[in-house]
Amino acid sequence: MRVTLSVIKADIGGYVGHSESHPEVIAKADECLARAKQEGLLIDYHVTKCGDDVQLIMTHQRGVDDERIHKMAWDTFIEGTDVAKKLGLYGAGQDLLSDAFSGNIKGMGPGCAEMEFEERPAEPVLIFMADKTSAGAWNLPLYKMFADPFNTIGLVIAANMHNGFTFEVHDVKEHKKIRFDAPEEIYDLLVFIGAPSRYMVKAVYHRDTRDIAAVSSTERLSLIAGKYVGKDDPVCIVRSQGNFPAVGEVLEPFTLPLLVEGWMRGSHHGPLMPVSIPDSTPTRFDGPPRVTAAGFQLKDGKLVGPRDMFADKSYDNARQQANDVADYMRRHGPFEPHRLPLEEMEYTTMPQVMEKLSGRFTDL
Ligand code: F6R
Ligand code: MG
Ligand code: MG
């Protein structure tokens, strides 16, 4: 059976500040998706949150980029925004950048990761959701999962993965894409994806079967809106087991609390902390950035789950390390590399300050 798995998310109001989603907003989204399921548009759904982002996890048979699915998700966010406004939540509707839906949710503010595939007899999928960071945050974990034998031993000793995976990389500034085959082209691949503010891994494919293995959301809100409107707070779907990395190989990269951009005012680097879904409450200096993982088994498109994968004790050391790194980074205050380089900051007072001081700059 061919199934489409769509994850569409948006920040439509924070509680308190930008630290969490409100249960009433999540309940409203649940109500909307229950209706869509009853009408037969969806096979199944699960609504959850990561920090201040509402996450719609949906299965259906309409393929990716389907107008009816996207419109239903958009309308869900509109209804959720009404609840957020009623409660006076912070930044109600902040990711909805347009007044009216125009065919596809991409480019309108919400983040979107979708894949269509033939469901295997047992189909484990992992859905990663992040808050206070941007889509490039998936580059390093996806590289480790699908190209690094020190992370994924299956690449070495499992015959069905030994030929490697293909990475599709998007240049979000020039709106171009390119594919690289791993392992042969990993040095070329790394030249690009090691610069995650511009080059992002959009998808990964199994090289022998061409089956889709992973897909991420790569919207960049700051580029879409032309001004600061929030972070991408991206999502990523990864298929697991069999021809794909095992669940433990998929989760292992997150034991490194990698440095990502997006902390406080979208203008700081900070460690990406793997947490349980209830613990995705970024409150320390509006962070540090969080990642959650919801695991499901799919059965005829039904979402059996979720299991809250990072609730496991074995991520305690990563969390401790993230807190230590957060302390260390914070001591840099307004200095780089804690603060982002000038051109990457979401907020800046540089033009005003420059203008005010323009007469005081003299030649060296
Ligand atoms: C939001 C975020 C926060 C805000 C900060 C200022 O995702 O990362 O750090 O940027 O709280 O928010 P505003 O400008 O809405 O007062
Ligand atoms: Mg917010
Ligand atoms: Mg957010």
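Here is what the cut-offs are and how they apply
Residues numbered from 1 in each chain as written. Chains lettered and ligands numbered in written order. Predicted model: local features only at pLDDT ≥ 70, side-chain atom pairs only at ≥ 80, totals over all residues. Heavy atoms only, no water. Donors = N, O, S within 2.8 Å, 3.2 Å for Na, K, Ca; no water. Helix = DSSP H or I, 4+ residues; strand = E, 2+ residues; numbered from the N terminus. Buried < 20%, exposed > 50% of the residue type's maximum accessible area, 1.4 Å probe, protein only. Near = heavy atom within 4 Å. Polar contact = N/O pair within 3.5 Å; in protein donor to acceptor, adjacent residues only side chain to side chain. Areas by Shrake-Rupley, 256 points an atom, 1.4 Å probe, with all protein chains shown as cover. Pairing = 2+ DSSP bridges. Axes fitted to C-alpha atoms, helices over the stretch in contact; angles between N-to-C directions. Contact = heavy atoms within 4.5 Å. Phe/Tyr/Trp six-rings, centres within 6.5 Å; stacked < 30°, edge-to-face > 60°. Lys NZ or Arg CZ within 6 Å of the ring centre and 35° of its normal. Parallel < 35°, antiparallel > 145°, perpendicular 65-115°, else oblique. Left-handed = near helix turned anticlockwise from the far one by under 90°. 1 Å grid on protein atoms, 1.4 Å probe; cavity = no way out; pocket = protein on both sides within 12 Å on 5 of 7 lines; lining within 4 Å. Points joined across faces, edges and corners; volume = space filled by probe spheres on them. Nonpolar A, V, L, I, M, F, W, Y, C, P; charged D, E, K, R; others polar. Core = buried A, V, L, I, M, F, W, Y, C linked by side-chain atoms within 4.5 Å. Expected span 1.5 Å × (residues − 1).

Engineer: Residue-level account of the coordination of the magnesium ion (ligand 2), with values.
Structural biologist: Surrounding the magnesium ion (ligand 2) are the protein donor atoms Asp11 (OD), His18 (ND1) and Asp52 (OD), at 1.9 to 2.2 Å. A spacing of 4.6 Å is found between the magnesium ion (ligand 2) and the magnesium ion (ligand 3), which share Asp52 as a donor. On the criterion of sequence distance, the pair formed by Asp11 in the loop between β1 (2-10) and α1 (23-38) and Asp52 in the loop between β2 (44-50) and β3 (53-60) is long-range, its members being 41 residues apart. For Asp11, a relative accessible area of 2% corresponds to the buried category.

Engineer: Tell me about the site of ligand 1, and name the residues and values.
Structural biologist: Near ligand 1 you find nine residues, and of these Tyr90, Lys231, Arg265, Asp286 and Tyr347 are the closest. Separating an oxygen atom of ligand 1 from a side-chain N or O atom of Tyr90 is a distance of 2.9 Å. Note that an oxygen atom of ligand 1 is positioned 3.4 Å from one of the side-chain N or O atoms of Lys132. Across the complex, the protein chains shield 80% of the 410 Å² of accessible surface that ligand 1 would expose by itself.

Engineer: Quick rundown of the sheet that holds strand β4 (residues 111-118)? Include the residues and the values.
Structural biologist: Pairing in this open sheet of four strands is antiparallel, and the strands run β2-β3-β1-β4 from one edge to the other. On the outer flanks of this sheet lie β2 and β4, each paired with one strand and no other. If you compare each strand with its neighbour and ignore which way they point, the axes differ by 15 degrees on average. Direction of pairing for β1 relative to β4: antiparallel, over a ladder of eight bridges. When the sheet's bridge partners are listed, Val3 is paired in β4 with Phe117. Relative to the sheet, helix α2 (residues 67-86) contacts β1, β3 and β4, its axis offset from that of β3 by approximately 150 degrees.

Engineer: Provide a residue-level description of the packing of aromatic side chains, including the pertinent values.
Structural biologist: Note on aromatic pairs: each is described by the distance of the centres and the angle between the planes. The final tally for this structure, using the stated rule, is eleven aromatic pairs. Where Trp74 meets Phe101, the ring centres are 6.4 Å apart and the plane angle is 45 degrees; that geometry is what we call tilted. A residue pair is termed long-range when its members are at least 10 positions apart, and Trp74 in helix α2 and Phe101 in the loop between α2 and β4 qualify at 27 residues. For the pair Trp74 and Phe101, a shared accessibility class is recorded, and that class is buried. Aromatic side chains Phe128 and Trp138 sit 6.1 Å apart centroid to centroid with 50 degrees between the ring planes, which places their arrangement in the tilted category. Linking Phe128 in strand β5 (residues 123-131) with Trp138 in the loop between β5 and α3 (139-147), this pair joins segments that are ten residues apart in sequence. Pair check on accessibility: Phe128 and Trp138 agree, each one buried. In this structure an aromatic cluster arises from ring pairing among Phe128, Trp138, Phe254, Phe310 and Tyr315. The residue whose ring lies beneath Arg239 is Phe117, and the NZ or CZ to ring-centre distance is 4.1 Å.

Engineer: For the packing of α3 against helix α5 (residues 186-193), give the residues involved together with the corresponding values.
Structural biologist: Relative to each other, α3 and α5 sit at 165 degrees, their axes nearing to 11 Å. Relative to α5, the element α3 is oriented roughly antiparallel. In the packing of α3 onto α5, the handedness of the crossing is right-handed. Across the interface between the two elements, Asn139, Tyr143 and Ala147 from α3 touch Ile186, Leu189, Leu190 and Ile193 from α5.

Engineer: Any chance you could break down the layout of surface pockets for me, citing the residues and the numbers?
Structural biologist: Empty space within the largest pocket amounts to approximately 650 Å³. If you go around the largest pocket, you meet 26 residues; those closest to its centre are Lys106, His170, Lys202, Thr218 and Glu219. For the lining of the largest pocket, the elements supplying multiple residues, two or more each, are β4, β6 (165-171), β7 (176-181), β8 (199-206), β9 (212-216) and α6 (221-225). Residue composition of the lining of the largest pocket, by class: eleven nonpolar, four polar and eleven charged. Its volume calculated, the second largest pocket comes out at about 270 Å³. In terms of lining, the second largest pocket is formed by 17 residues, of which the most central are Gly136, Leu140, Pro196, Leu258 and Leu259. The set of elements that each furnish at least two residues to the lining of the second largest pocket consists of α3, α5 and β11 (259-262). Taken together, the residues of the lining of the second largest pocket break down into nine nonpolar, seven polar and one charged.

Engineer: How would you summarise the nonpolar core if you had to cite specific residues and measurements?
Structural biologist: By size, the foremost hydrophobic cluster in this structure holds 40 residues, and its most contacted members are Phe128, Leu142, Phe146, Phe165, Phe167 and Val238. Per-element tally for this core: the top contributor is α3, with five residues. Judged by nonpolar contacts, the second largest core, of 28 residues, contains Val25, Ala73, Leu96 and Ile105.

Engineer: Could you give me a rundown of the coordination of the magnesium ion (ligand 3), with the residues and numbers involved?
Structural biologist: Summarising the metal site, the magnesium ion (ligand 3) is bound by the protein donors Asp52 (OD), Asp53 (OD), Asp131 (OD) and Asp233 (OD), whose distances to it range over 2.0 to 2.3 Å. Each donor residue of the magnesium ion (ligand 3) belongs to the same chain, and together they define the spacing D-D-x77-D-x101-D. The class of Asp233 is buried, set by a relative accessible area of 4%.

Engineer: If you had to explain α2 to someone new, which residues and values would you point to?
Structural biologist: Under the 1.5 Å per step criterion, the end-to-end length of α2 is 29 Å for 20 residues, consistent within 8% with the ideal 28 Å. Within α2, burial applies to Ile69, His70, Met72, Ala73, Trp74, Thr76, Phe77, Gly80, Thr81, Val83 and Ala84. Check the buried side of α2 and you find it contacts β1, α1, β3 and β4. Its side-chain oxygen placed 3.1 Å from the backbone nitrogen of Arg68, Asp66 serves as the N-cap of α2. Within two residues after α2, Gly88 carries a phi angle of roughly 70 degrees, on the positive side.

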